[in-house]
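Geometric and topological summary
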Amino acid sequence: MAGASACPDRDPALEPSTVTLAPPRVVHLDRIDHGLVTPAGGSRDLDAMLDRARAAEADGVAVVVVPSGAEDASARHHWPSTAQALAVLLATTSVRVAVDVVPAAWEPDAIARFARSAAGLAGDRLIVQVRGAGAEAFAGALTARWDGPVVVGDGDLGTHA
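Residues numbered from 1 in each chain as written. Predicted model: local features only at pLDDT ≥ 70, side-chain atom pairs only at ≥ 80, totals over all residues. Heavy atoms only, no water.

Moving on, we come to the overall build of the protein chain. Scanning the protein chain from terminus to terminus reveals four helices and five strands. Of the regular secondary structure in the protein chain, the N- to C-terminal order runs β-α-β-α-β-α-β-α-β. Taking all 161 residues of the protein chain together, 42% fall into the buried category. Contacts in the protein chain between residues far apart in sequence, at least 24 positions, make up 71% of those at least 6 positions apart. Approximately 9,000 Å² of the protein chain is accessible, and the part contributed by carbon and sulfur atoms is 54%. (Helix = DSSP H or I, 4+ residues; strand = E, 2+ residues; numbered from the N terminus. Buried < 20%, exposed > 50% of the residue type's maximum accessible area, 1.4 Å probe, protein only. Contact = heavy atoms within 4.5 Å. Areas by Shrake-Rupley, 256 points an atom, 1.4 Å probe, with all protein chains shown as cover.)

As structure tokens, this is what we get:
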């Protein structure tokens, strides 16, 4: 009998099926080097970043990444990424937000304080992604100070979705 179940008393509709799940999607937002506002552009760039993050969230994206300043930029060009990440956390409700951190520009204590504050304001949706020279050591020091997710380099952010 073609198409019959191997067990005559089992309903074929109840047989287990294979489901393939797509990996969680990650969207990298555009870098805004000037912070939150500029005299010339006001908050247009930040508004565009927040709109893109909201659209990604509505589209089912699991993680949005807020990039750091350029790796070779001075430390003062890196603080905007934390402010922008907080803005994205507050503008969204469910998407995870990864903030890109370069060890040369930060101290683990400062990022841990930021991460705890962000989690207090927006729940446990923050991921810290550490890139560049000294990333492993920085990540180790950060995880000793903050119990949230820390990804080194281009690690799989989707595993924290």
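Picking up where we left off.
Pairing is parallel in the open sheet, where five strands are placed in the order β1-β2-β3-β4-β5. Among the strands making up the open sheet, the edge pair consists of β1 (26-28) and β5 (150-152). In this sheet, adjacent strand axes meet at a mean angle of 25° when their direction is disregarded. Direction of pairing for strand β4 (residues 126-130) relative to β5: parallel, over a ladder of three bridges. Paired with Val128 across the strands is Val150, a residue of β5. Of the strands in this sheet, β2 (63-66), β3 (96-101) and β4 are in contact with helix α2 (residues 79-91), which crosses β3 at around 180°. (Pairing = 2+ DSSP bridges. Axes fitted to C-alpha atoms, helices over the stretch in contact; angles between N-to-C directions.)

Atom-level detail of predicted coordinates should not be read off regions where pLDDT is low. Averaged over all residues, the pLDDT of the protein chain equals 85, while 75% of them reach at least 70. When the elements of the protein chain are averaged for pLDDT, α2 gives the smallest value, 91, and helix α4 (residues 135-143) the largest, 97. (pLDDT = per-residue confidence, 0-100.)

Residue placement: Arg125 occurs in the loop between α3 (108-122) and β4. Buried within the structure, Arg125 lacks any salt-bridge partner; Glu57 is the closest side chain of opposite charge, at an N-O distance of 4.7 Å. A polar contact of 2.9 Å, which involves the side chain of Arg125, links it to the side chain of Thr92. Beyond its immediate stretch of four places on either side in the chain, Arg125 contacts Leu89, Thr92, Thr93, Ser94, Val95, Arg96 and Val97. (Lys, Arg positive; Asp, Glu negative; His and termini not counted. Salt bridge = Lys/Arg side-chain N within 4 Å of Asp/Glu carboxyl O. Polar contact = N/O pair within 3.5 Å; in protein donor to acceptor, adjacent residues only side chain to side chain.)

Okay, the pairing of β2 next. Remember that side chains alternate between the two faces of the sheet whenever the strand is regular. Both faces of β2 are covered, namely the face carrying Val63 and Val65 and the face carrying Val64 and Val66. Bridge count between β1 and β2: three bridges; the pairing is parallel. Bridging from a neighbouring strand, Val27 pairs with Val64 of β2. Judged from the four bridges that link them, β2 and β3 form a sheet pairing that is parallel. For Val65, the partnering residue across the bridge sits in β3 and is Ala98.

Attention now goes to the pairing of β4. Among the five residues that make up β4, five are buried, leaving the element largely enclosed by the rest of the structure. In β4, alternate side chains face the same way, and those of Leu126, Val128 and Val130 on one face and Ile127 and Gln129 on the other are all buried. Where β3 and β4 come together, five bridges link them in parallel fashion. Residue pairing in the sheet places Ala98 in a bridge with Ile127 of β4. Handedness of the crossover joining β3 and β4 through α3: right-handed. Regarding topology, α4 serves as the crossover connection from β4 to the parallel β5, and that connection is right-handed. (Right-handed = clockwise from strand over helix to strand, strands pointing away.)

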